Structure formats: C-alpha cells, structure tokens
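Observations on chain architecture
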Amino acid sequence: MGEVIGFPRPAARPTQATKAPPLWREAVGQVLRDERHERGRTLADVAGEAGVSTQYLSEVERGRKEPSSEVLEAVGGALRLELVDLTARVTHRLATDRAPGPVCLAA
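Since the model is a prediction, treat every value here as computed from it, not as a measurement. (Residues numbered from 1 in each chain as written. Predicted model: local features only at pLDDT ≥ 70, side-chain atom pairs only at ≥ 80, totals over all residues. Heavy atoms only, no water.)

**Re the overall build of the chain**
The following threshold applies: Starting at the N terminus, helices and strands are each numbered in turn, a helix being any DSSP run of H or I of at least four residues and a strand any DSSP run of E of at least two. We call two residues in contact whenever any of their non-hydrogen atoms come within 4.5 Å of each other. Only the protein chains shown count as cover for residues, and all accessible areas are computed by the Shrake-Rupley method using a 1.4 Å probe.
Broken down by element type, the chain carries five helices and zero strands. Along the chain, helices (α) and strands (β) appear in the sequence α-α-α-α-α when read from the amino end. In the chain, the proportion of contacts linking residues at least 24 apart, taken out of those at least 6 apart, comes to 67%. Of the roughly 7500 Å² that the chain leaves accessible, carbon and sulfur atoms contribute 55%.

Here it is, written out as structure tokens:
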C-alpha cells in the first residue's frame, strides 16, 4: 500500500554505520563501570559504600536508570572520582562516540 497520507513510513533502524550516539545515562554508566573495573572493585562493594542497592547500581552502569546528581556524587565518591572528573569523562565519551551529522531521537 505504500504511505498513508500524513504518516510517512517509519525510518529504518540505525545500522552499524549510522549508529546513534549513546545517551547521557549510557555514557555515565559505562564510565562508572570502566572506573570500577580499573580499580578492581565489585558492584556490591561500590554500591554498599555509595549507599545504593547493587541492583540499582547495576542498572545505572547498564544505562537503564538515569541517576540523580546525589547518586553520581555518592558512587563517584566510592570510586574516589570527583563529580567534575566524572562529568568530564562522560563528556569526552559522548564527544568521541558522536555520530556524524544531525541525530533526532523521538521521545
């Protein structure tokens, strides 16, 4: 049938070549996980010191939860990583993983 007037066909899913850049929460999670692994710390150890549940920290690291600034401060503190350094690393990751050209994400 083709297109319905006023409703274009959905765009194709991004391929490997046109992969969308990571979301903020995904980049934060990866930076926290990388830092935790570099320090040889367990998920339970860092979560306990930060005062969050292991399950919650796991979801943050996987980019499934959007952590508050308080949680970022607590987890960063448990990893001896100041908030300003954490945000700088996340910004760097987002800048280097950026796809060329404009990207539009629907909410």
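**Re helix α3 (residues 54–61)**
We apply this condition: Burial classes follow relative accessibility: with a 1.4 Å probe on protein chains only, a residue under 20% of its type's maximum area counts as buried, one over 50% as exposed, and anything between as partly exposed.
Of the positions making up α3, those classed as buried are L57, S58, E59, V60 and E61. In this structure, the buried side of α3 is in contact with α1 (24–38), α2 (43–50) and α4 (69–78). Phi turns positive, to about 75 degrees, at G63, one or two residues after α3.

**Focus: the side chain of E61**
The condition is simple: Pairing of N or O atoms within 3.5 Å defines a polar contact, subject to two protein rules: one partner must be a possible hydrogen donor and the other a possible acceptor, and residues neighboring in sequence count only if both atoms are side-chain atoms.
Counting through the fold element by element, E61 comes out in helix α3. By relative accessible area, E61 is classed as buried at 3%. Polar contacts involving the side chain of E61 include one to the side chain of R33, which spans 3.1 Å. The residues touching E61, leaving out its near neighbours within four places in the chain, are G29, Q30, L32, R33, R36 and L43.

**Some thoughts on the nonpolar core**
Stated precisely, the cut-off is as follows: For this analysis, a nonpolar core means a set of buried residues of the types Ala, Val, Leu, Ile, Met, Phe, Trp, Tyr and Cys, connected via side-chain atoms within 4.5 Å.
Ranked by size, the top nonpolar core spans 19 residues in total, and within it L32, V52, L57, V75 and L86 carry the most contacts. At the level of elements, α1, α2, α3, α4 and α5 (83–96) are the ones that each hand at least two residues to this core. Dropping the residues within four chain positions of it, L86 is found in contact with V31, L32, L72 and L81.

**Quick notes on the packing of α1 against α3**
Rule in force here: Fitted lines through C-alpha atoms give the axes, limited to the stretch in contact for helices. The angle between two N-to-C directions lies from 0 to 180 degrees. Note on angle classes: values under 35 degrees are labelled roughly parallel, values over 145 roughly antiparallel, values of 65 to 115 roughly perpendicular, and the remainder oblique. Three categories are distinguished: nonpolar for Ala, Val, Leu, Ile, Met, Phe, Trp, Tyr, Cys and Pro, charged for Asp, Glu, Lys and Arg, and polar for the others, with Gly belonging to the last.
Interhelical geometry of α1 versus α3 gives an angle of 115 degrees and a closest axis separation of 7 Å. One finds that α1 runs roughly perpendicular with respect to α3. Contact residues: α1 offers R25, G29, Q30, L32, R33 and R36, while α3 offers S58, V60 and E61. Of the residues in the contact of α1 with α3, the class split is two nonpolar, three polar and four charged.

**Description of the environment of R64**
With respect to the helices and strands, R64 occurs in the loop between α3 and α4. Exposure remark for R64: the relative accessible area of 61% places this residue in the exposed category. Each C-alpha atom of the pair R64 and R25 lies 7.3 Å from the other, and the pair is 39 residues apart in sequence. If near-sequence neighbours (up to four positions away) are discounted, R64 is found in contact with R25 and E59.

**Some details on the environment of E66**
You can see E66 is positioned in the loop between α3 and α4. With 41 residues separating them along the chain, E66 and R25 place their C-alpha atoms 5.4 Å apart. Contacts of E66, omitting those with residues within four sequence positions, involve W24, R25 and Y56.

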